[in-house]
Amino acid sequence: MINVPKGTKDILPSESYKWQFIEQTARDVAKAFNVSEIRTPTFEHTEVFSRGVGESTDIVNKEMYTFNDKGGRSITLKPEGTAGVARAFVENGLVSSALPVKVYYLTQCFRYERPQAGRLREFHQFGIEMLGSNAPNIDAETILLAKTLLDKLGVTGYTLYINSIGCKECRAKYHAALKEYLSENLDKLCNLCKDRYVKNPMRILDCKNPDCKEITKGAPKILDYICDDCKNHFEKVKSLLTIAGVPFEVDAGIVRGLDYYTKTVFEFVSNNIGAQGTICGGGRYDGLISQLGGADVPGVGFALGIERLLLLMENIGVDIPNFNKVKLYLAPMGDSESEKAFELATALRTQGIICEFDHMNRGIKAQFKYADKIGAKFVGVIGSSELEKGVIKLKEMATGIETEVAFNDLIEFAVNN
Ligand code: ATP
Ligand code: MG
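Residues numbered from 1 in each chain as written. Chains lettered and ligands numbered in written order. Predicted model: local features only at pLDDT ≥ 70, side-chain atom pairs only at ≥ 80, totals over all residues. Heavy atoms only, no water.

1. Re the packing of helix H1 (residues 16-32) against helix H11 (residues 306-315)
How two helices pack is summed up by the angle between their axes together with the distance between the axes. Rule in force here: Convention adopted: a line fitted to C-alpha atoms gives each axis, helices being fitted over their contacting stretch, and angles between N-to-C directions are expressed from 0 to 180 degrees. Put simply, DSSP marks the helices as runs of H or I at least four residues long and the strands as runs of E at least two long, and each gets a number from the N terminus on. Should an angle fall under 35 degrees it is taken as roughly parallel, and over 145 as roughly antiparallel, whereas 65 to 115 is taken as roughly perpendicular and any remaining angle as oblique. Whether two residues touch is decided by their heavy atoms; if any such pair falls within 4.5 Å, the residues are in contact. Here the nonpolar group is Ala, Val, Leu, Ile, Met, Phe, Trp, Tyr, Cys and Pro; Asp, Glu, Lys and Arg are the charged ones; every other residue, Gly included, is treated as polar.
Interaxial distance between H1 and H11 falls to 11 Å at its minimum, and their mutual angle equals 110°. Between H1 and H11, the angle falls in the class roughly perpendicular. Counted together, Lys 18, Trp 19 and Ile 22 of H1 and Ile 306, Glu 307, Leu 309, Leu 310, Met 313 and Glu 314 of H11 form the full contact between these two elements. Here the contact of H1 with H11 is composed, by residue class, of six nonpolar, no polar and three charged.

Below is the structure:
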């Protein structure tokens, strides 16, 4: 037997309705916020991520699936969605379309990580990118979109943490203060953080190594260093969230993974799914588009991990509706009845009614058992006398109530029940 590669998963037919429900809800919420779908390739030139995610990130440092294709180009499977969207924005000249450009994506992502609960090598994200606006109301709107989706899905028991990590100017001042603070313990930091100390010291605050965590405990806080412009922006985001009735906590420890984040950063975190508690993370990235060779265009967005979301929904007992259940199972009792069932099923399906009939030549008892197993709402028996009379004997499985319906009225019955 050949197994799936480590860190990947099959989504089986018995589970896929949950994914469809989450994806459809995400699409509906995005639509209400006037956000359109964007689909970018599964792989990009490696440079898109090394420049667009940043050299000091875990993703670029150790998690990318990078290989040379047969033409000798360095190719990387997308580890996240933002860089590809930013590349597409620049390449397609979307800067000259009506701004802001508001897009969402549903995509798989690939990261070479140690698999564990809520951490896979192939996983899925729902993400939003709002490009072209500096206004704090678009930061608030982005956060609100994520919150609306969680509400619509019936997800509770999470906390929204927000922070501001300032702009290039105030970050430089903060980095200087942070470096000074860390300089005494530089030799105790992990190797990755030693590198971050040079490239992007703030990222040390996001390190999961316990020694690094201990060292950064008393570190200076970015919010004490941000400039007036960044402070006002942050205050406005907070007040808009309050107006929208979105509870949040300010947490100076939220710094996010990408190198080009600026100002607002946020995470939705749950305590119900173990160590990998961050379901959704995002923020403003005013430097990204120019980093990828585009104009100086600001942006804000988030990515939400669908596996973690599903884990949370299951752990807190959210009942995910299955809209794919069979409405009507047709149970023919012989050859000519089977032909009739085929004809009726075709007519029902043409009307979009989910319908099934016997493909296994089962006896009537076994057909009922099968219909029960697949959760069919009605079973319609067609025996020789029904065939003669032009009717079908319907049984509602949940109640046991039986009704006779003429073949000609079957579609109408199925639509109304
Ligand atoms: P973490 O700190 O858990 O590694 P991250 O900062 O790397 O997360 P992002 O790059 O912000 O995560 O990705 C956004 C979301 O995608 C995460 O909040 C999470 O829900 C999900 N995610 C990230 N990596 C994985 C993974 N390997 N497997 C499953 N979901 C993931
Ligand atoms: Mg990670």
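2. Some points on the site of ligand 1
What counts is decided by this rule: Nearness is judged by heavy atoms alone; a residue qualifies as near a molecule or strand once a single heavy atom is within 4 Å of it. Polar contact criterion, stated in full: a pair of N or O atoms within 3.5 Å, where within protein one must be able to donate a hydrogen and the other to accept it, and residues adjacent in sequence count only if both atoms are side-chain atoms. Only the protein chains shown count as cover for residues, and all accessible areas are computed by the Shrake-Rupley method using a 1.4 Å probe.
Inspection of the region around ligand 1 gives 15 residues, with Arg 111, Glu 113, Leu 120, Lys 208 and Arg 256 positioned closest. Within the side chain of Glu 113, one N or O atom sits 2.6 Å away from a nitrogen atom of ligand 1. One of the side-chain nitrogen or oxygen atoms of Lys 208 is found 2.9 Å away from an oxygen atom of ligand 1. The protein chains hide 90% of the 590 Å² of surface that ligand 1 would expose on its own. The element contributing the most residues to the shell around ligand 1 is strand E10 (residues 278-284), with three residues.

3. Remarks on a positive patch on the surface
Defined as follows: Patch membership requires more than 30% relative accessible area and the absence of a salt bridge. Residues of like charge join within 9 Å; the nonpolar side chains Val, Leu, Ile, Met, Phe, Trp and Tyr join within 5 Å. Any carboxyl oxygen of Asp or Glu within 4 Å of a side-chain nitrogen of Lys or Arg constitutes a salt bridge here. Only four residue types enter the tally: Lys and Arg on the positive side, Asp and Glu on the negative side, with His and both chain ends excluded. To locate a charge, take atom NZ for lysine, CZ for arginine, CG for aspartate or CD for glutamate. Only protein chains enter the accessibility calculation, which uses a 1.4 Å probe. A residue is then buried if its area is under 20% of the maximum for its type, exposed if over 50%, and partly exposed in between.
Together, Arg 362, Lys 365, Lys 369 and Lys 373 give the surface a local cluster of positive charge. Tracing the backbone shows Arg 362 in the loop between strand E13 (355-357) and helix H13 (364-373). Residue classification places Arg 362 among the partly exposed residues on the basis of a relative accessible area of 31%.

4. Remarks on the packing of aromatic side chains
Note the threshold: Aromatic pairing here means that ring centres of Phe, Tyr or Trp (its six-membered ring) are within 6.5 Å. Orientation follows from the plane angle: under 30 degrees is stacked, over 60 is edge-to-face, and everything else is tilted.
Under the counting rule described, the total for this entry stands at 11 aromatic pairs. With a centroid separation of 6.2 Å and an interplanar angle of 50°, the aromatic rings of Phe 21 and Phe 323 are classed as tilted. Note that Phe 21 is positioned in helix H1 and Phe 323 in the loop between H11 and strand E12 (328-332), a separation of 302 residues in sequence. With relative accessibility at 61%, the residue Phe 323 sits in the exposed group.

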